[in-house]
Amino acid sequence: MPEPLRCSLNVTFQFWGAPLIESLDGAVARGFRTVELLNPFDIELDDLERALDERGLTVDLFNLPMGDLDAGDRGTAGEPGRRQEFRAGVERAARVADRIGTRKVNALAGRHVEGETETAQLDCLIDQLGWAADRLADHGVQVNTEMLSPVEAPGYLLGSVDKTKAILDALGGKVGFQLDVYHLQRAQGELIRTIRELAPISRHYQIADAPDRTEPGTGEINHANVLREIAATGYEGLIGCEFMPSGRSEDAFAWMEALGVEKA
């Protein structure tokens, strides 16, 4: 019998707006021992390491510094004027990964910048992602990047599967695809076909239902079929639950037992 799929919990989305320590407590209370962090740089590294150790938690994945989210930033990798900022963020991520043992990071591409051509930005993106992949490989860390739906993130550089795949092809396997089922559904649909086609380059998966980014079973995605297809690809990593609960967080995980998925 194949091993069941296992899920980590993205605590940032699950407990949106809560302090990170409080969110980690929430993950433990809901039976998770592995989490994802949108931003591990919110607190001092010593405090983060201590909090994880005290709670017996592991971080499967975190994002590289994303810039100022409130100002509209969605990463900086594809912004030529912020090359040094991005690289400094990679160095910070290397220190965090070394201390807390994380082996996967997500690098958001950034938005279109007024005055820059798309070609120049995509060339910058390829160069920066390649540099990050080489730098973090020295620390045993895999770099991934993801497509964001243009509905959610208008102006984001990688707003389609084809454009994202072209960037990853240019990087020759150095960088993996982080396939977020929610963003894929919002951007284009055709989930099963796309999961199959992108399986060779997909290094991480995240799930949430559409259209409201809530837990599976509350929207339009057939997660039973989606998860079955991910399992069929031979993927052996964790799947990140990157959703906001539709009601009480405590009630947002009943779907896991019904679909034969376990908490990691």
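Here, the structure is the one placed above.
Residues numbered from 1 in each chain as written. Predicted model: local features only at pLDDT ≥ 70, side-chain atom pairs only at ≥ 80, totals over all residues. Heavy atoms only, no water.

Draft legend 1. A look at the pairing of strand S7 (residues 202–207). A large share of S7 lies buried, amounting to five of its six residues. In this sheet, S7 lies alongside strand S6 (residues 176–180) in parallel orientation, the contact comprising four bridges. Each bridged residue has a counterpart across the sheet, and for Gln178 the counterpart in S7 is His204. Pairing of S7 with strand S8 (residues 239–241) involves three bridges; the strand directions are parallel. Each bridged residue has a counterpart across the sheet, and for Ile207 the counterpart in S8 is Cys241. (Buried < 20%, exposed > 50% of the residue type's maximum accessible area, 1.4 Å probe, protein only. Helix = DSSP H or I, 4+ residues; strand = E, 2+ residues; numbered from the N terminus. Pairing = 2+ DSSP bridges.)

Draft legend 2. Main features of helix H4 (residues 83–100). Compared with the 26 Å implied by 1.5 Å per residue over 18 residues, the 26 Å span of H4 between its first and last C-alpha is a close match. Of all the residues in H4, the buried ones are Phe86, Gly89, Val90, Ala93, Ala94, Val96, Ala97 and Ile100. Of the residues trailing H4, Gly101 is marked for its positive phi of about 80°. (Expected span 1.5 Å × (residues − 1).)

Draft legend 3. Examining unusual backbone geometry more closely. In the segment running from Ala210 into Pro211, the intervening peptide bond is cis, with an omega of 10°. Structurally, Pro211 is set in the loop between S7 and helix H9 (223–232). The backbone phi angle of Glu190 is positive, close to 50°, even though this residue is not glycine. Relative to the assigned elements, Glu190 resides in the loop between helix H7 (181–187) and helix H8 (191–198). Positioned with a positive phi, Arg213 is a non-glycine residue whose angle comes to about 55°.

Draft legend 4. Focus on the nonpolar core. Grouped together as the largest cluster of nonpolar side chains are 80 residues, with contacts concentrated most on Val11, Leu24, Leu37, Phe62, Ile239 and Trp255. A per-element tally of this core places H4 first, with seven residues. Residues contacting Trp255, with those up to four places away along its chain left out, are Cys7, Ile207, Glu215, Pro216, Leu227, Cys241 and Phe243. (Core = buried A, V, L, I, M, F, W, Y, C linked by side-chain atoms within 4.5 Å. Contact = heavy atoms within 4.5 Å.)

Draft legend 5. View of the pattern of salt bridges. Summed over all chains, the structure comprises 23 salt bridges. Here Glu229 makes a salt bridge to Arg196, at a shortest N to O gap of 2.8 Å. Taken together, the positions of Glu229 in helix H9 and Arg196 in helix H8 put the pair 33 residues apart, joining distant regions of the chain. Take Glu229: its relative accessible area is 14%, and that puts it in the buried class. The partner of Glu242 in a salt bridge is Arg213, with the nearest N and O atoms 2.5 Å apart. Residue Glu242 is located in the loop between S8 and helix H10 (254–258), and its partner Arg213 is located in the loop between S7 and H9; the two are separated by 29 residues in the primary sequence. (Salt bridge = Lys/Arg side-chain N within 4 Å of Asp/Glu carboxyl O.)

Draft legend 6. Representation of the side chain of Thr76 within the structure. Inspection of the secondary structure assignment puts Thr76 in the loop between strand S3 (58–63) and H4. Those residues in contact with Thr76 that sit more than four places away from it in its chain are Gly67, Arg82, Glu85, Phe86, Leu108, Ala109 and Gly110.

Draft legend 7. Summary view of the packing of helix H2 (residues 20–29) against helix H3 (residues 45–55). Two elements in contact, H2 and H3, have axes whose closest approach is 11 Å; the angle formed by their N-to-C orientations is 20°. With respect to their mutual orientation, H2 and H3 come out roughly parallel. When the axes of H2 and H3 are compared, the crossing they make is right-handed. Here Leu20, Ile21, Leu24, Asp25 and Val28 of H2 lie close against H3, whose contacting residues are Leu48, Ala51, Leu52 and Arg55. Partitioned by chemical class, the residues of the contact of H2 with H3 number seven nonpolar, no polar and two charged. (Axes fitted to C-alpha atoms, helices over the stretch in contact; angles between N-to-C directions. Parallel < 35°, antiparallel > 145°, perpendicular 65-115°, else oblique. Left-handed = near helix turned anticlockwise from the far one by under 90°. Nonpolar A, V, L, I, M, F, W, Y, C, P; charged D, E, K, R; others polar.)

Draft legend 8. Inspection of the pairing of strand S5 (residues 142–145) at higher detail. Bridging between strand S4 (residues 104–106) and S5 involves three bridges; their strand directions are parallel. Along S5, the bridge assignment pairs Lys104 with Gln142. Considered for its hand, the β-α-β crossover made up of S4, helix H5 (residues 118–137) and S5 is right-handed. Summarising the sheet, S5 and S6 pair through two bridges and their orientation is parallel. Bridging from a neighbouring strand, Asn144 pairs with Gly176 of S6. With respect to chirality, the unit in which S5 leads through helix H6 (residues 161–170) into the neighbouring parallel S6 is right-handed. (Right-handed = clockwise from strand over helix to strand, strands pointing away.)

Draft legend 9. Fine view of the packing of H8 against H9. The N-to-C vectors of H8 and H9 enclose an angle of 15°; their axes lie 10 Å apart at closest approach. When the interaxial angle is binned, H8 and H9 end up roughly parallel. The two elements H8 and H9 meet at a crossing, and its hand is right-handed. Residues Leu191, Ile192, Ile195 and Arg196 of H8 pack against Asn225, Val226, Glu229 and Ile230 of H9. Partitioned by chemical class, the residues of the contact of H8 with H9 number five nonpolar, one polar and two charged.

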